[in-house]
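Observations on the model geometry
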Amino acid sequence: MAGGQPVGAEITAEEILAELTGFFATATAGNTPDPDEDYFALGLVNSLLALELVAHIERRYGIEVAVEDLDLDNFRTMNRVTAFVLRKRSAGIP
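First, a word on what this report is: a plain description of the structure on this page.

Rules of the game
- Residues numbered from 1 in each chain as written.
- Predicted model: local features only at pLDDT ≥ 70, side-chain atom pairs only at ≥ 80, totals over all residues.
- Heavy atoms only, no water.
- Salt bridge = Lys/Arg side-chain N within 4 Å of Asp/Glu carboxyl O.
- Helix = DSSP H or I, 4+ residues; strand = E, 2+ residues; numbered from the N terminus.
- Buried < 20%, exposed > 50% of the residue type's maximum accessible area, 1.4 Å probe, protein only.
- Lys, Arg positive; Asp, Glu negative; His and termini not counted.
- Axes fitted to C-alpha atoms, helices over the stretch in contact; angles between N-to-C directions.
- Parallel < 35°, antiparallel > 145°, perpendicular 65-115°, else oblique.
- Left-handed = near helix turned anticlockwise from the far one by under 90°.
- Contact = heavy atoms within 4.5 Å.
- Nonpolar A, V, L, I, M, F, W, Y, C, P; charged D, E, K, R; others polar.
- Phe/Tyr/Trp six-rings, centres within 6.5 Å; stacked < 30°, edge-to-face > 60°.

1. A few points about the pattern of salt bridges
- Evaluation of the coordinates by the stated rule reveals four salt bridges.
- When the shortest N-O distance is used, the salt bridge between Arg 76 and Asp 38 registers 2.7 Å. Linking Arg 76 in the loop between α2 (47-61) and α3 (78-91) with Asp 38 in the loop between α1 (13-27) and α2, this pair joins segments that are 38 residues apart in sequence.
- Residues joined in a network through salt bridges with shared partners are Asp 38, Asp 73, Arg 76 and Arg 80.

2. Looking at the side chain of Glu 19
- Tracing the sequence through the fold places Glu 19 in helix α1.
- Buried within the structure, Glu 19 lacks any salt-bridge partner; its nearest side chain of opposite charge belongs to Arg 60, at an N-O separation of 4.0 Å.

3. Remarks on the packing of α2 against α3
- One can describe the packing of α2 onto α3 by two numbers: an axis separation of 12 Å at closest approach and a directional angle of 40°. Classified by the angle between their axes, α2 and α3 sit oblique to one another. Considering the relative orientation of α2 and α3, their crossing is right-handed. Facing α2, whose interface residues are Leu 53, Ile 57 and Tyr 61, α3 presents Val 81, Val 85 and Arg 89.
- Classifying every residue of the contact of α2 with α3 gives five nonpolar, no polar and one charged.

4. What to know about the packing of aromatic side chains
- Summed over all chains, the structure comprises four aromatic pairs.
- With a centroid separation of 5.5 Å and an interplanar angle of 45°, the aromatic rings of Tyr 39 and Phe 40 are classed as tilted.
- The structure contains a cluster of three or more aromatic residues connected by ring pairs, namely Phe 23, Phe 24, Tyr 39 and Phe 40.

Below you can see the structure in the form of structure tokens.
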């Protein structure tokens, strides 16, 4: 997958969090939330940006976000997204 991390390739939570911080810095014009801040509650993420985030995660980390994964609790903070990516990758299921 171009630009993505192959499933099974080692990646740390710190690396994911750093990359997500960069994504949010760009997507929110520098209004990057703290890792545990709910960016939906802060009004930083609308439905379009939420879709962009999901697509970004799929491309970047070589995983598929299934319909059943689209629980807001998986995506409301950068730390939760990081945990979600690690779970999906450790399961080895694209």
